[in-house]
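# A look at the structure
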Amino acid sequence: MHAKSETYGRLVDSGVVAVLRGADPDTLIEITDALLEGGVTGIELTADNPDVTEMLEALTGSFDDEIIIGTGTVLDAATARMTMLAGAEFVVSPSLHEDVIDICNRYGTLVAPGVMTPTEAIRGYEMGADLVKVFPASSLGPGHLSAIKGPYEQIPLMPTGGVDLDNAAAYIEAGAECVGAGSALVDYAAAERGDFEAITERAREFTSVIDEARDA
């Protein structure tokens, strides 16, 4: 288990966190390997998958320190703790749940609650969030993220929901520390065909776009 500060640093270094919603346990290792090959080292398994604990254990057993693994769609403290015990090093929610933030801080696990408004952003940060997930980012776009950053420069933001190759750079330029991306990054149809190179290529494109935005 890494210290929260190291987990945070590694997520930011990855630039994009791959959100694996409904991933097939049979192709999970190959998908993760393909993402890693493309430079994406932040992997989020959503906790609404009934096999999430087994999948977390499979990932932690297959990848030493190469990736940072967490869980998303965590709505309560019991789910947060269950996934932490299975190896999750960060916990993400689509909404703001004080009990989830509390239990993550109790056990030294990075926590990123979901918010939409400036009021929610500061509340989550005051509750002890390490990273604040702006969700769904697509509803209001990069301008909304930039507006939150205005008075709240100290709050680290991770826009998620509708982030793709066309807008990822705009979110970074608006002040995002990193972004979360799901279907725009991970092509499950390609995985079913065994075309993991397509996933690697998309991951490379994402990391390239983010690196260029950071260097601009």
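As shown above, the structure is provided for reference.
This write-up is about the structure you can find in this document.

Geometrically, the link from F135 to P136 is a cis peptide bond, its omega value of -10° lying close to zero. Inspection of the secondary structure puts P136 in the loop between β7 (132-134) and α7 (141-149). A positive phi angle, near 55°, is found at T73, a position not held by glycine. With respect to the helices and strands, T73 occurs in the loop between β3 (68-72) and α4 (77-85). On the basis of relative accessibility, which here comes to 19%, the residue T73 falls in the buried class.

Moving on, we get to the environment of I101. When you line up the elements, I101 lands in helix α5 (residues 98-106). A C-alpha to C-alpha distance of 11 Å links I101 and R123, two positions 22 residues apart in sequence.

Quick look at the nonpolar core now. In terms of nonpolar packing, the biggest core is built from 51 residues, with L20, L35 and L185 touching the most fellow members. Among the elements that make up this core, the one with the highest residue count is helix α10 (residues 196-215) (six residues).

Across the sheet, which stays open at both edges, the three strands sit in the order β6-β7-β8 with parallel pairing between neighbours. The sheet terminates laterally at β6 (114-115) and β8 (157-159), the two strands that pair on one side only. Along the sheet face, α7 touches β7 and β8 and points at about 170° away from the line of β8.

Further remarks concern the packing of aromatic side chains. In total, this model carries zero aromatic pairs according to the counting rule given. Between R81 and the ring centre of Y107, over which it is positioned, the NZ or CZ distance is 3.6 Å. Between the NZ or CZ atom of K133 and the centre of the ring of F135, over which it lies, the distance is 4.6 Å.

What counts and how
Residues numbered from 1 in each chain as written. Predicted model: local features only at pLDDT ≥ 70, side-chain atom pairs only at ≥ 80, totals over all residues. Heavy atoms only, no water. Helix = DSSP H or I, 4+ residues; strand = E, 2+ residues; numbered from the N terminus. Buried < 20%, exposed > 50% of the residue type's maximum accessible area, 1.4 Å probe, protein only. Core = buried A, V, L, I, M, F, W, Y, C linked by side-chain atoms within 4.5 Å. Pairing = 2+ DSSP bridges. Contact = heavy atoms within 4.5 Å. Axes fitted to C-alpha atoms, helices over the stretch in contact; angles between N-to-C directions. Phe/Tyr/Trp six-rings, centres within 6.5 Å; stacked < 30°, edge-to-face > 60°. Lys NZ or Arg CZ within 6 Å of the ring centre and 35° of its normal.

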